[in-house]
Amino acid sequence: ASYDPHARLEEMEVDMIQAQVLFPGAALAGTQVYSNDRELQLACVRAYNDWIHEFSAVAPNRLLGLPIAPTTGVEDLVIETRRNAERGAKGIILSSYPNGTTMPAPEDDRFWAQMEEQDFPVHIHFGFFGGGGEKSTGGVPTALSYLTGSLLSRVGANVYKTLGDFVYGGLFERFPKLKVVAVETGIGWIPFYLESMDDNFLRLRWRTGVHLKQMPSEQFKEHIWATFITDPIGVELRHQIGLDHIMWSTDYPHANSDWPHSQRILMNELRHVPEDERRKLLRDNAAALYKLT
């Protein structure tokens, strides 16, 4: 079911899942892992995006495969994003800033403007990556680095800086219709992050020269969606996060997934959540964001 769309649909039926947004395991840490050679990286990116498009085309209302982004510069990214949007993609996954690095640059605004114009959600799967970290031979994480890295991803640590830069850098003031999805980051950390973001801004805005028209937490709640697999604390604090911007994720077929018992796990975790709110977390918020009917 990881590579056969018909088998995937059967697995979804078992788990009673109507539709899935599909994120890649390939090049999870950025498409630069394919190659630093521009032509080779672009060829790999296009090959994957063609494959996930064909995979999803088997059931386009149920399988929403998201394309990956090249890290070879804004021009290549704009072209590849437009190519996939024209054939029905519902968003794109970034692993770096549009310029291909982990630092923002003025030329990035060309891409952000395109995303705003197309109403195309930008997805950050864990965070922006620039390499590094403990590795064993062959580039495979050791058991310890894998476990700790998984924890940091699960509590959203890898997106803290990126989302802070987005808000403090005025990205959403320049592009007030831009939508960003923090994927597989959990949600329980968000209320403290928002509180700290506001307090930090008010204390340091004069020293840093950063002046915003709207409080950082308000911009976050308006422009950023977040997904969770299992997060009892986050569910309890859902109203402090923003009920309309939370989406549940099955994480199938990875080890963290509750397949084929998602329904039982969810009903237990959401047992105190009213039916109308539960429906938002599990269905309506995603359906609205990805324009599903």
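Everything discussed here concerns the structure shown above.
Residues numbered from 1 in each chain as written. Predicted model: local features only at pLDDT ≥ 70, side-chain atom pairs only at ≥ 80, totals over all residues. Heavy atoms only, no water.

Colleague: Outline the overall build of the protein, listing residues and values.
Modeller: A count of helical and extended segments in the protein gives 13 helices and seven strands. Against the compact-globule benchmark of 19 Å for 293 residues, the protein has a radius of gyration of 19 Å, which places it among compact chains. With the C-alpha coordinates of the protein rotated into their principal frame, the extents come out at 55 × 50 × 40 Å. Across the 293 residues in the protein, those meeting the buried criterion constitute 46%. Across the protein, contacts joining residues at least 24 apart in sequence account for 73% of those joining residues at least 6 apart. (Helix = DSSP H or I, 4+ residues; strand = E, 2+ residues; numbered from the N terminus. Rg over C-alpha atoms; globule rule 2.2 N^0.38 Å. Buried < 20%, exposed > 50% of the residue type's maximum accessible area, 1.4 Å probe, protein only. Contact = heavy atoms within 4.5 Å.)

Colleague: Tell me about helix α12 (residues 262-269), residues and numbers included.
Modeller: Considered for burial, the residues of α12 that qualify are Ser262, Leu266 and Glu269. Angular distribution of buried residues about the axis of α12 spans 65°; they occupy a single face of the element. Here the buried face of α12 lies against α1 (5-15), β6 (224-228), α10 (232-236), β7 (246-248) and α13 (275-289). (Arc of directions from axis to C-beta.)

Colleague: Account for the sheet that holds strand β4 (residues 122-125), with residues named and values stated.
Modeller: Sheet architecture is open: five strands sit in the order β3-β4-β5-β6-β7, paired in parallel fashion. Both edges of this open sheet fall to β3 (92-94) and β7, since each of them pairs with a single strand only. Looking at each pair of strands side by side, their axes are set apart by 30° on average, direction ignored. (Pairing = 2+ DSSP bridges. Axes fitted to C-alpha atoms, helices over the stretch in contact; angles between N-to-C directions.)

Colleague: Residues and numbers for helix α8 (residues 190-208), please.
Modeller: The end-to-end C-alpha distance of α8, which contains 19 residues, comes to just 24 Å, noticeably less than the 27 Å that a straight helix rising 1.5 Å per residue would cover. Listed as buried for α8 are Ile190, Pro191, Tyr193, Leu194, Met197, Asp198 and Phe201. The positive-phi residue at the C-terminal boundary of α8 is Gly209, with phi of around 75°. (Expected span 1.5 Å × (residues − 1).)

Colleague: Describe the pairing of β4, with residues and values.
Modeller: The alternating pattern of β4 places Val122 and Ile124 and His123 and His125 on opposite faces, both of which are buried. When β3 meets β4, the two strands line up parallel, connected through three bridges. Bridged to Ile93 within β4 is His123. In the classification by handedness, the crossover that spans β3, the intervening helix α4 (residues 108-118) and the parallel β4 is right-handed. Sheet topology note: the β4/strand β5 (residues 180-183) ladder contains four bridges and is parallel. Bridge assignment links Val122 to a residue of β5, and that residue is Val180. (Right-handed = clockwise from strand over helix to strand, strands pointing away.)

Colleague: Could you give an account of unusual backbone geometry, naming the residues involved and the relevant values?
Modeller: Between Tyr252 and the following residue, Pro253, the backbone shows a cis peptide bond with an omega angle of 10°. Within the fold, Pro253 resides in the loop between β7 and α12. In this chain, Trp259 is followed by Pro260 through a cis amide linkage whose omega measures 0°. Tracing the chain through its elements places Pro260 in the loop between β7 and α12. In this model, Asp119 sits at a positive phi of 55°, which is unusual for a non-glycine residue.

Colleague: Tell me about the packing of aromatic side chains, and please be specific about residues and values.
Modeller: Applying the stated criterion across every chain yields a total of 14 aromatic pairs. For the pair Trp112 and Phe166, a centre-to-centre distance of 5.5 Å together with 75° between the ring planes defines the contact as edge-to-face. In this pair, Trp112 is assigned in helix α4 and Phe166 in helix α6 (residues 160-168), connecting sequence segments 54 residues apart. Among the residues examined, Phe166 registers a relative accessible area of 2% and is labelled buried. Judged by centre distance (5.5 Å) and plane angle (35°), the ring pair of Tyr160 and Tyr193 falls under tilted. Of this pair, Tyr160 sits in helix α6 while Tyr193 sits in helix α8, and the two are 33 residues apart along the sequence. Since its relative accessible area comes to 31%, Tyr160 is described here as partly exposed. Residue Tyr193 is classed as buried on the basis of its relative accessible area, which comes to 13%. (Phe/Tyr/Trp six-rings, centres within 6.5 Å; stacked < 30°, edge-to-face > 60°.)

Colleague: I'd love a proper account of the side chain of Thr227, names of residues and values included.
Modeller: Here Thr227 is to be found in strand β6. Taking relative accessible area as the criterion, Thr227 reaches 6% and is therefore assigned buried. Separated by 2.6 Å, the side chain of Thr227 and the backbone nitrogen of Glu184 make a polar contact. (Polar contact = N/O pair within 3.5 Å; in protein donor to acceptor, adjacent residues only side chain to side chain.)

Colleague: So, the packing of α8 against helix α9 (residues 216-223): which residues are in play, and what are the values?
Modeller: Contact geometry for α8 and α9: axes closest at 8 Å, N-to-C directions at 140°. With respect to α9, the axis of α8 lies oblique. Between α8 and α9, the contacting residues are Ile190, Tyr193, Leu194, Met197, Asp198 and Phe201 on the first element and Pro216, Ser217, Phe220 and Lys221 on the second. Broken down by class, the residue content of the contact of α8 with α9 amounts to seven nonpolar, one polar and two charged. (Parallel < 35°, antiparallel > 145°, perpendicular 65-115°, else oblique. Nonpolar A, V, L, I, M, F, W, Y, C, P; charged D, E, K, R; others polar.)

Colleague: Just give me the short version of empty space enclosed by the protein, but keep the residues and values in it.
Modeller: If a probe the size of a water molecule is rolled over the atoms, the empty space left behind becomes visible. Evaluated as defined, the whole model comprises two cavities of 30 Å³ or more. Taken together, 14 residues line the largest cavity, and the ones lying closest to its centre are Ala27, Leu28, Ile68, Ile93 and Ser95. A per-class count over the lining of the largest cavity returns nine nonpolar, five polar and no charged. Each pocket or cavity is described by its volume, and for the second largest cavity that value is around 30 Å³. Residue lining of the second largest cavity: Ile190, Phe220, Lys221, Ile224, Ala226, Ile241, Gly242 and His245, and that is the complete set. Within the residue set of the lining of the second largest cavity, elements represented by two or more residues are α9 and β6. Its residues assigned to classes, the lining of the second largest cavity shows five nonpolar, two polar and one charged. (1 Å grid on protein atoms, 1.4 Å probe; cavity = no way out; pocket = protein on both sides within 12 Å on 5 of 7 lines; lining within 4 Å. Points joined across faces, edges and corners; volume = space filled by probe spheres on them.)

Nothing here speaks to function; it is geometry throughout.
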